[in-house]
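Each chain is listed here by its residues.
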Amino acid sequence: AETEAGAGTAGGGRCADGAALRWCTTGALCASFLGLGMSIAVLGPTFPNLAANVGRNVSDMYYIFVGRSLGCLTGSMVGGVLFDCMNATLLLALSMLGTTAGLYVIPWCKDYLLLTILMSVIGGSMGILDTGGNVLALNTWGSEVGPHLQALHFSFAAGAFLAPIVAKMAVVGSVSEELAGAEKTNQSVLKSLPTASAASTTPAPKDHHDEDFLWSYIIIGSYILLISVFFVVLYSKGSSDRDKSKAAAQKGKLTKYHWPLVGLLFIFFLFYVGAEITYGSYLFTYAVVFAEMTESEAAALNSVFWGAFAVCRAVAIFGAAFLSPATMIVISLSCSTASSSALAFFAHYRASLWVGSAVYGASMATVFPSGIAWIEQYTVIEGKTASLFVVGAALGEMCIPAVVGHLQGRFHHIPVVMYTAFGTSIMTVLLFPVMYKLANASRKKDTKEVTDSETSKALLSNSRLTEDEEEDEDVRQWNDADFEVVEMNDKLKKSLTDTSHRIPGDSAAEVSLQPHLDDALGHPPVVAGGSPGRQNGNVDSEKSE
């Protein structure tokens, strides 16, 4: 009893340690995605500073976006392969160290080619983190991953929201210090030259605060460095070894239609992410050109879209605990179709534009994490599979906004962005039922195969039991027959012995009858506890009588 109690205590301690380690892993992943969002979004408010730093016009800086996107695609594909053959937490720590190094070097970069390379390195590290974070969350929580994936992607949205604030704080701090220094200079000059005017003594303001954006990159890079150290600690604890072994044990769970499902979800994410980025990027321009809003109103409309997006992702953390991923996807697709329809055909009404933008942003918030959690119910998501999802999203982010920009340049009087939102919503609404039917058909087929296998095993087991019962019955019948033969032989012996005693010269008769008796008996096997030796002993004793 004491041994069992000790074993139970040890098992409970291991379970508690495993649960704590899983929560620590989830916290580290959320913190890393917060840094990922800040790393991506900090480029916007610091874009003019980067252009001035390398001596280029803002219009000539498009290549850094291309470099970052290509790096993200490459990192996603390479990371998908690496995550299947090395420790996940270690790889995430290394990728975050690469992001930190790039963020530290960018403020001092004076060459546009070097800046593009740095952006590609950061993009590759981000692609590895984006792929590996989803895979590690799936391996850590399994079928319970829904709320944790929602928390992961909410952290990304929160990071994108915080990045401009961090950059603005750095700029405001630098500007306040500069104004204080200028005021002191003015006062000293006025004291030394009383006749000089204030305008002649005020130093000329700088066109660009070249060093203002430095601190924003340093702050974000230091934060990511801290999270990478935490991942190294998790690696020393062996956090992903158990989860990776568990995932490897589930590789037999791959459904028959695994790759068709992955391909359809790849296209699904391409349209979804492309629509999200396109609407968020062109909404300001649409509001100014087509809705004739002021710039402040257009900025407020853009903030409503992204604000609803972030709030809905926060709410989805709790909603995923009660709703299945399929239900959340259906609700999101229904809302996006309704809102995009209103935006495409009734956007000339101000109320429709404001409400439609808010609902459209909220409906787009939960699709990506819900899609990954949904397909995990039907098949195993490995590193290569997750990398395809990230690549599909990245291609949508690159291609659809570019196509919309080209078409909008050719057709100035047509709101291409609104029709694109409506068209992509229709595509996603058509794709998901196909994926759902294919996944359930695969599950039914797998269930049928398992049922047939279990039935065959049961029939084989029953047949073996029937054969064993038949053998037992045959043995029982043979034993009964042997007992009857033994009993008959005993009677025969007794009758022959009595006859031999009544015949004169019984000894000679007994000797002559004994061989025939032995031939008649034939030494039958004695099953019920007897042995031939013992039987012969009985016969010899009868002879001696």
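Given the structure is predicted, the values throughout are model-derived calculations rather than measurements. Counting of residues starts from 1 at the beginning of each chain's written sequence and follows it residue by residue. The predicted nature of this model means local features are confined to residues of pLDDT at least 70 and side-chain atom pairs, given and counted, to a pLDDT of 80 or more, with totals for whole chains, interfaces and linings taken over all residues. As a rule here, side-chain values come from all non-hydrogen atoms in the structure, and water together with hydrogens is ignored.

**Description of the overall build of the chain**
Link 1 in the chain: Assigned secondary structure in the chain consists of 18 helices and zero strands.
Link 2 in the chain: Three labels apply to residues, based on accessible area from a 1.4 Å probe with only protein chains included: buried if under 20% of the type maximum, exposed if over 50%, partly exposed otherwise in between. Counting every position in the chain, which comprises 545 residues, the buried fraction comes to 42%. Runs of E in the DSSP output that reach at least two residues are strands. Runs of H or I that reach at least four are helices, and both are numbered from the N terminus.

**Considerations on the confidence of the model for the chain**
Link 1 in the chain: A residue's pLDDT is the confidence the predictor assigns to it, expressed on a 0 to 100 scale. In the predicted model, the chain carries a mean pLDDT of 75, and the fraction of residues at 70 or more is 66%.
Link 2 in the chain: Taken element by element, the predicted model of the chain shows its lowest mean pLDDT in helix α7 (residues 198–201) (38) and its highest in helix α12 (residues 325–346) (94).
Link 3 in the chain: Note on contacts: a residue pair is in contact if any heavy atoms of the two residues lie within 4.5 Å. Between residues 503–513, whose pLDDT stays under 50, and residues either more than four places distant or in other chains, the model counts five contacts.
Link 4 in the chain: Scored below 50 in pLDDT, residues 525–545 makes 16 contacts in the model with residues more than four places away or belonging to other chains.

**Structural notes on the packing of aromatic side chains**
Link 1 in the chain: Two aromatic rings from Phe, Tyr or Trp, using only the six-membered ring of Trp, form a pair when their centres are within 6.5 Å; if the ring planes differ by under 30 degrees the pair is stacked, by over 60 it is edge-to-face, and anything between is tilted. Applying the stated rule across the entire model yields 15 aromatic pairs.
Link 2 in the chain: For the ring pair F269 and F389, a centre distance of 5.7 Å and an interplane angle of 80 degrees mean the geometry is edge-to-face. Here F269, found in helix α10 (residues 258–289), pairs with F389, found in helix α15 (residues 383–410); they are 120 residues apart in sequence, far enough to count as distant. The same class applies to F269 as to F389, namely buried.
Link 3 in the chain: Here a set of aromatic residues connected by ring pairs shows up, and it is made of Y279, F305, W306, F309 and Y360.
Link 4 in the chain: Sitting over a ring, as applied to charges here, requires NZ of Lys or CZ of Arg to be within 6 Å of the ring centre and within 35 degrees of the ring normal. Between R56 and the ring centre of Y112, over which it is positioned, the NZ or CZ distance is 3.9 Å.

**Some thoughts on the packing of helix α5 (residues 112–141) against α15**
Link 1 in the chain: In this analysis, axes come from line fits to C-alpha atoms, helices being fitted only over the stretch in contact, and the angle between any two N-to-C directions falls in the range 0 to 180 degrees. Following both chains from N to C, one finds α5 and α15 inclined at 130 degrees, their axes separated by 9 Å at the closest point. Looking at the two axes, α5 sits oblique to α15. Of the two elements, α5 crosses α15, and the hand of that crossing is right-handed. Contacts from D130, T131 and V135 in α5 reach G383, A386, S387 and V390 in α15.
Link 2 in the chain: Under the scheme applied here, ten amino acids are nonpolar (Ala, Val, Leu, Ile, Met, Phe, Trp, Tyr, Cys and Pro), four are charged (Asp, Glu, Lys and Arg), and all others, including Gly, are polar. A breakdown of the residues in the contact of α5 with α15 according to their chemical character gives three nonpolar, three polar and one charged. For classification purposes, angles smaller than 35 degrees are called roughly parallel, those larger than 145 roughly antiparallel, those between 65 and 115 roughly perpendicular, and all remaining angles oblique. In a left-handed crossing the near helix is turned counterclockwise from the far helix by less than a right angle, and in a right-handed crossing that turn is clockwise.

**A short note on a nonpolar patch on the surface**
Link 1 in the chain: Residues enter patches when they are more than 30% accessible in relative terms and free of salt bridges; like-charged ones are connected within 9 Å and nonpolar ones (Val, Leu, Ile, Met, Phe, Trp, Tyr) within 5 Å. Note on areas: Shrake-Rupley, 1.4 Å probe, and residue coverage restricted to the protein chains presented here. Definition used for salt bridges: Asp or Glu carboxyl oxygen within 4 Å of a side-chain nitrogen of Lys or Arg. Taken together, F345, F346, Y349, V403, L407, F411, I414 and Y419 make up a surface patch of nonpolar side chains, about 760 Å² in accessible area.
Link 2 in the chain: Among the secondary structure elements, those contributing two or more residues to the nonpolar patch are α12 and α15.
Link 3 in the chain: Along the chain, I414 turns up in the loop between α15 and α16 (416–502).
Link 4 in the chain: Under the relative-accessibility criterion, I414 is labelled partly exposed at 38%.

**Things to note about unusual backbone geometry**
Link 1 in the chain: A positive phi angle is found at E292, which is not glycine, with a value near 55 degrees.
Link 2 in the chain: The residue E292 is located in the loop between α10 and α11 (295–319) in this model.
Link 3 in the chain: E292 gets classed as exposed once you look at its relative accessible area, which sits at 66%.

**Notes on α10**
Link 1 in the chain: When the terminal C-alpha atoms of α10 are compared, their 46 Å separation across 32 residues agrees well with the 46 Å that a helix rising 1.5 Å per residue should span.
Link 2 in the chain: We define the bend at any residue as the angle between the axes fitted to the seven residues before and including it, ending there, and the seven starting there. The largest bend in α10 comes to about 45 degrees, at Y282. Expected span of a helix: the number of residues minus one, times 1.5 Å.

**Looking at the environment of N87**
Link 1 in the chain: On the basis of relative accessibility, which here comes to 11%, the residue N87 falls in the buried class.
Link 2 in the chain: Taking the C-alpha atoms as reference, N87 lies 7.8 Å from Y235; in sequence the two are 148 residues apart.
Link 3 in the chain: Each polar contact in these results corresponds to two N or O atoms within 3.5 Å; when the atoms are within protein, one needs to be able to donate a hydrogen and the other to accept it, and residues that are neighboring in sequence are counted only if both atoms are side-chain atoms. A distance of 3.1 Å separates a polar atom in the side chain of N87 from the backbone nitrogen of L90.

**What to know about the packing of helix α3 (residues 62–82) against α5**
Link 1 in the chain: One way to put it is that α3 packs onto α5 with a least axis distance of 6 Å and a crossing angle of 35 degrees. Once α3 is placed against α5, the crossing between them reads as right-handed. Contact residues: α3 offers Y63, I64, G67, R68, G71, C72, G75, S76, G79 and G80, while α5 offers Y112, L115, T116, M119, S120, G123, G124, G127, I128 and T131.
Link 2 in the chain: Here the residues of the contact of α3 with α5 sort into seven nonpolar, twelve polar and one charged.

**Side note on the nonpolar core**
Link 1 in the chain: Here, nonpolar core means buried Ala, Val, Leu, Ile, Met, Phe, Trp, Tyr and Cys residues that are tied together by side-chain atoms lying within 4.5 Å of each other. By size, the foremost hydrophobic cluster in this structure holds 97 residues, and its most contacted members are M61, F231, F268, Y279, L353 and W374.
Link 2 in the chain: Not counting residues up to four positions away in its chain, the partners in contact with L353 are Y279, Y286, A291, M293, L301, L343, A347 and M418.

**Details of the environment of Y112**
Link 1 in the chain: Within the secondary structure, Y112 is located in helix α5.
Link 2 in the chain: Taking relative accessible area as the criterion, Y112 reaches 35% and is therefore assigned partly exposed.
Link 3 in the chain: Aside from chain neighbours lying at most four places away, what touches Y112 is V54, R56 and Y63.

**A word on the environment of T278**
Link 1 in the chain: Positionally, T278 belongs in helix α10.
Link 2 in the chain: Taking the relative accessible area as the measure of exposure, T278 reaches 2% and is therefore buried.
Link 3 in the chain: The residues contacting T278, other than those within four sequence positions of it, are I400, P401, V404 and V417.

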